[in-house]
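Geometric and topological summary
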Amino acid sequence: MMIRHPIPPVFDKDSEILILGSFPSPVSREVGFFYGNKQNRFWPLMERLFSVELDSIADKILFLHSHHIALWDVVGSCEIHGSGDETIEDVSVNDIGKLIEETRIRRIYTNGQKASAIYRKKIYPDTRILDYPLPSTSPRNAGWNFDRLLSSWTAIKES
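Residues numbered from 1 in each chain as written. Predicted model: local features only at pLDDT ≥ 70, side-chain atom pairs only at ≥ 80, totals over all residues. Heavy atoms only, no water.

1. Looking at the overall build of the protein chain
Selection criterion: Helix numbers and strand numbers start at the N terminus; a helix is a DSSP run of H or I with at least 4 residues, a strand a run of E with at least 2. Atoms counted for the radius of gyration: C-alpha only. Globule rule: 2.2 Å times the number of residues to the power 0.38. Whether a residue is buried, partly exposed or exposed follows from its accessible area with a 1.4 Å probe, protein chains only, as a fraction of its type maximum: under 20%, in between, or over 50%, in that order. By the convention used here, residues are in contact when the closest approach between their heavy atoms is within 4.5 Å. Working definition of accessibility: Shrake-Rupley area with a 1.4 Å probe, residue cover restricted to the visible protein chains.
Within the protein chain, the regular secondary structure consists of six helices and seven strands. For the protein chain, the sequential pattern of α-helices and β-strands runs β-β-α-α-α-β-β-β-α-β-α-β-α. Since a compact globule built from 159 residues should have a radius of gyration of about 15 Å, the 14 Å found for the protein chain is in line with a globular shape. Its C-alpha atoms put the protein chain at 40 × 35 × 25 Å along the principal axes. Counting across all 159 residues of the protein chain, residues that qualify as buried make up 47%. Of the contacts made within the protein chain by residues no fewer than 6 positions apart, 66% connect residues no fewer than 24 positions apart. Of the roughly 8200 Å² of accessible surface on the protein chain, 49% is carried by carbon and sulfur atoms.

Shown next as structure tokens:
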């Protein structure tokens with residue numbers, strides 16, 4: 001069954017950094033916001049990197065805007081079974097180019113190998129902005145502990 005991405009991108013005209021995931025998990029789709037699964041390490045990484053506490057969706061949106069970070073996913077619709085990126089098929093992508101035109105995006109980071117692979121194959125030919133792949137924050141990426149992720153994800157703070 002084809003599933004459409006239900007979460008709008010978070011960005012404003014001053015966004016300079018774009019972080020792209022692959023597709024929201026069932027929990028994120030239910031919660032209605034990015035990285036809604038409490039076991040995903042994305043928000044704990046942001047809290048540690050930027051020394052903030054992000055208790056609500058409103059806090060997270062305010063944080064993203066105040067740090068000029070846009071957040072979205074590469075996949076606009078797909079067939080997916082469960083939450084595993086490896087099951088994503090029949091992909092149509094989000095209009096990342098339009099988002100870039102409406103912002104000051106100068107650097108794009110992808111959260112995980114699947115997001116990067118889809119970006120490079122289906123979106124990069126239009127945007128011509130190369131992504132910087134980062135290790136997935138998903139709990140399925142158990143080979144990367146929090147400290148290793150933190151070390152890699154520091155790149156977004158340095159850009």
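So much for the structure itself; the text now carries on.
2. Regarding the nonpolar core
Selection rule: By nonpolar core we mean a set of buried residues, namely Ala, Val, Leu, Ile, Met, Phe, Trp, Tyr and Cys, connected to one another through side-chain atoms within 4.5 Å.
Ranked by size, the top nonpolar core spans 45 residues in total, and within it Ile19, Trp43, Met46, Leu71, Trp153 and Ile156 carry the most contacts. The biggest single contributor to this core is helix H2 (residues 42–50), with six residues. Apart from residues no more than four positions distant in its own chain, Leu71 is found in contact with Pro9, Val10, Leu18, Ile19, Phe34, Tyr35, Phe42, Trp43 and Leu64.

3. Section: the packing of H2 against helix H3 (residues 57–66)
Formally: Between N-to-C directions, angles span 0 to 180 degrees; the directions come from axes that are lines fitted to C-alpha atoms, helices contributing only their stretch in contact. Small angles under 35 degrees read as roughly parallel and large ones over 145 as roughly antiparallel, with 65 to 115 read as roughly perpendicular and the rest as oblique. A crossing counts as left-handed when the near helix is turned anticlockwise from the far one by less than a right angle, and as right-handed when that turn is clockwise.
The contact between H2 and H3 brings their axes to 12 Å, and the two run at 50°. Between H2 and H3, the interaxial angle falls into the category oblique. Here H2 and H3 pass one another in a crossing that is left-handed. Where H2 approaches H3, its residues Trp43, Met46 and Phe50 are matched on the opposing element by Lys60, Phe63 and Leu64.

4. A short note on the sheet that holds strand E2 (residues 17–21)
Where we set the bar: A pair of strands is labelled paired if DSSP reports no fewer than 2 bridges between them.
Pairing within the open sheet is parallel, and its four strands lie in the order E3-E2-E6-E7. For this open sheet the edge positions go to strand E3 (69–73) and strand E7 (131–134), each flanked by a neighbour on one side alone. The average angle at which neighbouring strand axes cross in this sheet is 25°, direction not considered. Pairing of E2 with strand E6 (residues 107–111) involves four bridges; the strand directions are parallel. Bridging from a neighbouring strand, Leu20 pairs with Thr110 of E6.

5. What to know about the side chain of Thr103
Put simply, the rule is: Contacts described as polar in this section are N or O atom pairs within 3.5 Å, which, within protein, must combine one atom able to donate a hydrogen with one able to accept it, while residues neighboring in sequence count only if both atoms come from side chains.
Counting through the fold element by element, Thr103 comes out in the loop between helix H4 (96–101) and E6. When its relative accessible area of 13% is taken as the criterion, Thr103 is described as buried. A polar atom in the side chain of Thr103 sits 3.1 Å from the backbone oxygen of Leu99. Here Ile105 takes part through its backbone nitrogen, which lies 3.3 Å from a polar atom of the side chain of Thr103. Residues in contact with Thr103, not counting those within four places in the same chain, are Phe11, Asp12, Lys13 and Ser15.

6. A short note on a nonpolar patch on the surface
Note the threshold: A residue counts toward a patch only above 30% relative accessible area and without a salt bridge, and it is joined to like-charged neighbours within 9 Å or, for Val, Leu, Ile, Met, Phe, Trp and Tyr, to nonpolar neighbours within 5 Å. Salt bridges are defined by distance alone: a side-chain nitrogen of Lys or Arg within 4 Å of a carboxyl oxygen of Asp or Glu.
Taken together, the side chains of Val27, Val31 and Ile57 present a nonpolar region at the surface, about 210 Å² in accessible area. The residue Val27 is located in helix H1 (residues 26–31) in this model.

7. Brief notes about the environment of Arg104
Tracing the backbone through its elements, the reader meets Arg104 in the loop between H4 and E6. Distance from Arg104 to Asp12, taken between C-alpha atoms, is 9.0 Å for residues 92 residues apart in sequence. Apart from the residues lying within four places of it in its own chain, the contact partners of Arg104 are Lys13, Asp14, Ser15 and Glu16.

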